[in-house]
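What follows is the residue order along each chain.
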Amino acid sequence: MDCDEVMLTVRITAAERALLRELARGHGGDVSDVAVDGLLEVIPALHDDACVLPLLRVLARPAPFALTLWLPAAVADLLPLLGERLVRTGGPAAGPASAALSAALRLWLGGDRVVLAAGLARLHGGCGIGTAAVRPWAGAAAFGAEPVKAAA
C-alpha cells in the first residue's frame, strides 16, 4: 500500500513549538508544511558525519512537548538515513527516524526567527497559492532551484 504522507511525532520545547506555530500562521497555517520546508532546508546541509554533531547537541537538550507532523513520504524516507548517521555518531538508537526529525527540526528552529520567516517567504513568494498546494516542490529552493512563475 502506497501512502502519500507519513505521521511522525517530534519532541520540541515550548519556545520551538510557539515559533513553529507563528511561522505557520504566516504561511498558510499548516505546521506540517512549515516543518517540511525547514527540513528540506537543513537536511541537505548534513552531508557527512561531522555535520551531524550539531544534531547531537540539539538532541542532548530536553524537549518536553510532543508534536505530531504529517510529512510527504519522500521526505520521511530521508529520515531513517539521517537517523542511522545519528546512531553512528553517538546518537540515540531508539526511534532513529523520529529522533532525526526532532533534531533536524529543532536545529532549523534554532535559527534567527526573522531569517526563518524570510526564507519561508522567499520559498512561497509569488506563487499565489497556499503551502499545501506546492508541497511536492516545497524544498526546491533548498537545493538551489529557482522558483518558476507562471504567466497570468
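Residues numbered from 1 in each chain as written. Predicted model: local features only at pLDDT ≥ 70, side-chain atom pairs only at ≥ 80, totals over all residues. Heavy atoms only, no water.

Chemist: Break down the confidence of the model for the protein chain for me, with residues and values.
Modeler: Across the protein chain, the average pLDDT comes to 76, with 76% of residues at or above 70. Mean pLDDT values for the elements of the protein chain range from 81 in helix α5 (residues 78–88) up to 93 in helix α1 (residues 14–25). Residue range residues 126–152 is modelled with pLDDT below 50. Its contacts to residues more than four positions away, or to other chains, number 26 contacts. (pLDDT = per-residue confidence, 0-100. Helix = DSSP H or I, 4+ residues; strand = E, 2+ residues; numbered from the N terminus. Contact = heavy atoms within 4.5 Å.)

Chemist: Any chance you could break down the pattern of salt bridges for me, citing the residues and the numbers?
Modeler: Under the criterion given, the structure shown has two salt bridges. With a shortest N-O distance of 2.9 Å, E16 and R106 are connected by a salt bridge. Taken together, the positions of E16 in helix α1 and R106 in helix α6 (residues 96–109) put the pair 90 residues apart, joining distant regions of the chain. Each member of the pair E16 and R106 is classed as buried. One salt bridge in this structure joins R113 and E22, with 2.6 Å as the shortest N-O distance. Here E22 lies in helix α1 and R113 lies in helix α7 (residues 113–124), a separation of 91 residues in the sequence. (Salt bridge = Lys/Arg side-chain N within 4 Å of Asp/Glu carboxyl O. Buried < 20%, exposed > 50% of the residue type's maximum accessible area, 1.4 Å probe, protein only.)

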